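# Understanding the architecture of this molecule
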There are 2 protein chains.
Amino acid sequence: MTTLLNTAQRRAAVIKALAHPSRLLIADALQHGERCVCDLRELVGADLSTVSKHLTVMRQAGLLEMEKRGLNVYYRLRCPCLMSFFECVDSLAPKREKRERRNSSTGSCKLRI
Amino acid sequence: MTTLLNTAQRRAAVIKALAHPSRLLIADALQHGERCVCDLRELVGADLSTVSKHLTVMRQAGLLEMEKRGLNVYYRLRCPCLMSFFECVDSLAPKREKRERRNSSTGSCKLRI
DNA sequence: TCAATACTTGGCAATTTCGCCAAGTAAAGC
DNA sequence: GCTTTACTTGGCGAAATTGCCAAGTATTGA
């Protein structure tokens, strides 16, 4: 009972840390390997402080890990399975209420469970 | 370029619709099949209007579909692959900065890509 | 030791989200 | 038609999020 809620709260903390266009852009870039903050700043196109705060949020949620080398700080994804999820998210058509109710156990999702 | 941003914005809209403990509780319950709003209200333990608004957000994001039968409205998940993602989310340890940097291509994720 | 670079942190205003209450709608039963 | 049930919608204050600027920290190089 209370455990279900706890699970939901833990999950929500992680998912919230992902629920922002700039942070998704960052996650996508990190899929190909680590990047320093200034690279990500260029990608996102926001103030360096803004990007840094986004990265802190993602790191505290457990999505990223960081490592300082010289003057730079490099961030990496901690869970590559994110990309599977993005495919799943992308498969949700923007048009509402598509007519595909009868095979509701598989839906339109391109991924196997 | 601009397409990358568009993709991120579309994804963020869906993920935001998921980034709340009550909505995750709802998603979890719907994994086992459709539920009417009053069932979900009981599960979430909030005002009926609050639950209804959560459901509207999730439906507009493409996560759910609804069907009215008699007095009740039934909601269903549109994408069962969500559950794979939750396993992934759950695998992100709450303790920060675990010492597991060398195999960064697979990480601690229990799912295959 | 002094300056430059690459960040992080504090603070704050603007925007968004959240959850309740009250009011509205739609189907069912009498 | 009237009532009940099962929602949905409007509205509003409270709380959280977002993004910039300014200031602080840490490493490098001269």
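As the structure is a prediction and not an experimental result, all values here were calculated from the model.

As a further point, take the pattern of salt bridges. Residue and element names in this part refer to chain A. A complete count under the given rule lists 12 salt bridges over all chains for this structure. Among the ionic pairs, Arg76 bridges to Glu34, the shortest N-O distance being 2.7 Å. Of this pair, Arg76 sits in strand 3 (residues 72–77) while Glu34 sits in the loop between helix 2 (21–30) and strand 1 (35–36); the two residues are 42 residues apart in sequence, bridging distant segments of the chain. In this structure Arg76 comes out as buried when scored by relative accessible area, which is 8%. The class of Glu34 is partly exposed, set by a relative accessible area of 27%. Among the ionic pairs, Glu67 bridges to Arg69, the shortest N-O distance being 3.4 Å. One network of salt bridges, with partners in common, ties together Glu34, Glu65, Glu67, Arg69 and Arg76.

Right, let's get into the nonpolar core. Across soluble globular proteins, nonpolar side chains show a tendency to be buried alongside one another. Leu63 of chain A together with Leu63 of chain B are the most contacted members of the largest nonpolar core, which totals 68 residues. Excluding anything up to four places from it in sequence, Leu63 of chain B contacts Leu92 of chain A together with Val14, Ala17, Leu18, Met58, Arg76, Leu77, Arg78, Cys79 and Leu82 of chain B.

What follows concerns the pairing of strand 3 (residues 72–77) of chain B. Residue and element names in this part refer to chain B. Most of strand 3 sits out of view: 5 of its 6 residues are buried. Of the pairings in the sheet, the one linking strand 1 (residues 35–36) to strand 3 comprises 2 bridges and is antiparallel in character. Note on strand 3: the bridge partner recorded for Arg35 is Tyr75. Pairing geometry for strand 2 (residues 64–69) and strand 3, over 6 bridges, is antiparallel. Within strand 3, the residue paired with Glu65 across the bridge is Arg76. Where strand 2 folds back on strand 3, the antiparallel hairpin that results is connected by 2 residues, among which Gly70 adopts a positive phi of roughly 65 degrees.

Turning next to the protein's contact with DNA strand D. Neighbouring residues of DNA strand D: 23 residues in total, closest Ser49 of chain A together with Val37, Ser49, Ser52 and Lys53 of chain B. Protein-adjacent atoms of DNA strand D, using a 4 Å cutoff, are sugar or phosphate at a proportion of 58%. One nitrogen or oxygen atom from the side chain of Ser49 of chain A is found 2.8 Å from a base nitrogen belonging to DNA strand D. Among the residues making up the surface near DNA strand D, the classes are represented as 9 nonpolar, 8 polar and 6 charged.

Looking at DNA strand C, there are 22 residues lining it, with Val37, Ser49, Ser52 and Lys53 of chain A together with Ser49 of chain B nearest. Backbone atoms, meaning sugar plus phosphate, form 54% of the atoms of DNA strand C positioned within 4 Å of the protein. In this structure, His20 of chain B approaches DNA strand C through a side-chain N or O atom, which is 3.3 Å from a phosphate oxygen. A distance of 2.8 Å separates a base nitrogen of DNA strand C from a polar side-chain atom of Ser49 of chain B. Within the residue set of the surface near DNA strand C, elements represented by two or more residues are helix 3 (37–44), helix 4 (48–60) and strand 3 of chain A together with helix 4 (48–60) of chain B. A breakdown of the residues in the surface near DNA strand C according to their chemical character gives 9 nonpolar, 8 polar and 5 charged.

Per the counting criterion, the structure on display carries 3 aromatic pairs over all chains. A centroid spacing of 6.2 Å and a plane angle of 45 degrees characterise the contact between Phe85 of chain A and Phe86 of chain A, whose relative ring orientation is tilted. Relative to Phe85 of chain B, the ring of Phe85 of chain A lies with its centre 3.3 Å away and its plane at 5 degrees, an arrangement referred to as stacked. Taken as a pair, Phe85 of chain A in helix 5 (residues 82–90) and Phe85 of chain B in helix 5 (residues 82–90) lie in two separate chains rather than in one. Owing to a relative accessible area of 2%, Phe85 of chain B belongs among the buried residues under this scheme. Each member of the aromatic cluster is reached from another via a ring pair, and the members are Phe85 and Phe86 of chain A together with Phe85 and Phe86 of chain B. Looking at Arg69 of chain A, its charged tip hangs above the ring of Tyr74 of chain A, at a distance of 4.2 Å from the centre.

Between two packed helices, both the angle of their axes relative to each other and the distance between the axes serve to describe the pair. Residue and element names in this part refer to chain B. The geometry of helix 2 (residues 21–30) relative to helix 4 is characterised by a closest axis approach of 10 Å and an angle of 70 degrees between their N-to-C directions. When the axis of helix 2 is compared with that of helix 4, the two are roughly perpendicular. Together, Ser22, Arg23, Ile26 and Ala27 of helix 2 and His54, Leu55, Val57 and Met58 of helix 4 make up the contact between the two elements. Its residues placed into classes, the contact of helix 2 with helix 4 shows 5 nonpolar, 2 polar and 1 charged.

About the thresholds
- Residues numbered from 1 in each chain as written.
- Chains lettered and ligands numbered in written order.
- Predicted model: local features only at pLDDT ≥ 70, side-chain atom pairs only at ≥ 80, totals over all residues.
- Heavy atoms only, no water.
- Salt bridge = Lys/Arg side-chain N within 4 Å of Asp/Glu carboxyl O.
- Helix = DSSP H or I, 4+ residues; strand = E, 2+ residues; numbered from the N terminus.
- Buried < 20%, exposed > 50% of the residue type's maximum accessible area, 1.4 Å probe, protein only.
- Core = buried A, V, L, I, M, F, W, Y, C linked by side-chain atoms within 4.5 Å.
- Contact = heavy atoms within 4.5 Å.
- Pairing = 2+ DSSP bridges.
- Near = heavy atom within 4 Å.
- Polar contact = N/O pair within 3.5 Å; in protein donor to acceptor, adjacent residues only side chain to side chain.
- Nonpolar A, V, L, I, M, F, W, Y, C, P; charged D, E, K, R; others polar.
- Phe/Tyr/Trp six-rings, centres within 6.5 Å; stacked < 30°, edge-to-face > 60°.
- Lys NZ or Arg CZ within 6 Å of the ring centre and 35° of its normal.
- Axes fitted to C-alpha atoms, helices over the stretch in contact; angles between N-to-C directions.
- Parallel < 35°, antiparallel > 145°, perpendicular 65-115°, else oblique.

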